[in-house]
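# A structural walkthrough
These are the residues of each chain, in order.
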Amino acid sequence: MHVNWENVRQDFSLQAGWYHQLQEAYMQQAQAAYTQVPEEILPRLTALVEETPLDKLDDITAFILYTLHSNAVYTLTPGWAPLNEDVVEYFLFERKSGYCVHFAAAATLMYRLYGIPARYAAGYMVDPGEFSLRQDGNYYATVTDKSAHAWVEIFLPEYGWTPVEVTPAADGSIAASYPGF
């Protein structure tokens, strides 16, 4: 069998070009869709971000972490937000206590206000040590509501959607990280 390497190279070039076009289109869509914020219902959060102009991702992340952890404490019993009150603004500026849902929602909106594509994510966080190997070769873990968690994901062009943990750990420490931070 004879392989025409010139044709293979051309095919690869066409595929690589198509992939880069698709990637660029997705990044443009992510920028447009995941930076939208209803600023009219978030006047205090919008003002906070406008009063602290930042443009570097690491500085933005540091400011978000500082804001969240200096203005709110973690609790599993934060109570309810009043009717017609935005939950994030109430959490950050009045109640000053909440759990992962509140921290992740606030961080998502703050990243977006800074122009960083961000999305709220929820699922389950299960420690790898909780899995056990079954006789059939599969791993098994019992997952309950206690493992439910929420976090923010930011879009990094080199990596795609990247989780950023903004909720304080049980000991109050912060474990936020992403490539380069």
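Our structure's up above, just so we're on the same page.
Source: prediction; values computed, not measured.

Among the nine residues that make up strand 6 (residues 148–156), eight are buried, leaving the element largely enclosed by the rest of the structure. Strand direction decides the pairing type here: strand 6 and strand 7 (residues 160–164), joined by five bridges, are antiparallel. Across the sheet, the residue bridging to E153 is P163, located in strand 7. Counted along the chain from strand 6 to the antiparallel partner strand 7, the turn is three residues long.

By the element assignment, M27 lies in helix 1 (residues 5–33). Sequence separation of M27 and A107 is 80 residues, and the distance between their C-alpha atoms is 20 Å.

Turning our eyes to something else, we now look at the layout of surface pockets. Within this model, the largest pocket holds a volume of roughly 590 Å³. Lining the largest pocket are 23 residues; nearest its centre among them are Y74, M125, K146, A148 and H149. Those elements that provide at least two residues to the lining of the largest pocket are helix 5 (100–113), strand 3 (118–124) and strand 6. Partitioning the lining of the largest pocket into residue classes produces 14 nonpolar, five polar and four charged.

This brings us to the nonpolar core. Counting residues in each nonpolar core, the largest one holds 33 residues, and the members touching the most others are L45, L68, Y111, I154, V164 and V166. For this core, the elements supplying multiple residues, two or more each, are helix 2 (43–51), helix 3 (57–71), helix 4 (87–95), helix 5 and strand 6. With eight residues, helix 5 is the single largest residue contributor to this core. Leave out the neighbours within four places in its chain, and Y111 touches L57, I60, T61, I64, I116, A118, V152, I154, V164 and Y178.

Adjacent strands of a sheet form backbone hydrogen bonds with each other and so pair up, either parallel or antiparallel. Taken in spatial order, the three strands of this open sheet run 3-6-7, and their pairing is antiparallel. Each edge of the open sheet is held by one strand with a lone partner, namely strand 3 and strand 7. Taken over all neighbouring pairs, the strand axes of this sheet differ in orientation by 40 degrees on average, direction set aside. Across the sheet, helix 5 touches strand 3, strand 6 and strand 7, and the angle it forms with strand 6 is around 15 degrees.

Next up on the list: the packing of aromatic side chains. Under the counting rule described, the total for this entry stands at five aromatic pairs. Aromatic pair F91 and F103: ring centres 5.1 Å apart, planes at 70 degrees, arrangement edge-to-face. Of the two residues, F91 sits in helix 4 while F103 sits in helix 5, which places them 12 residues apart along the sequence. Assigned by exposure class, F91 and F103 land together as buried. One aromatic cluster in this structure is built from Y26, Y34, F155 and W161.

Calculation notes
Residues numbered from 1 in each chain as written. Predicted model: local features only at pLDDT ≥ 70, side-chain atom pairs only at ≥ 80, totals over all residues. Heavy atoms only, no water. Buried < 20%, exposed > 50% of the residue type's maximum accessible area, 1.4 Å probe, protein only. Helix = DSSP H or I, 4+ residues; strand = E, 2+ residues; numbered from the N terminus. Pairing = 2+ DSSP bridges. 1 Å grid on protein atoms, 1.4 Å probe; cavity = no way out; pocket = protein on both sides within 12 Å on 5 of 7 lines; lining within 4 Å. Points joined across faces, edges and corners; volume = space filled by probe spheres on them. Nonpolar A, V, L, I, M, F, W, Y, C, P; charged D, E, K, R; others polar. Core = buried A, V, L, I, M, F, W, Y, C linked by side-chain atoms within 4.5 Å. Contact = heavy atoms within 4.5 Å. Axes fitted to C-alpha atoms, helices over the stretch in contact; angles between N-to-C directions. Phe/Tyr/Trp six-rings, centres within 6.5 Å; stacked < 30°, edge-to-face > 60°.

Bear in mind that shape data such as this cannot, by itself, settle questions of function.
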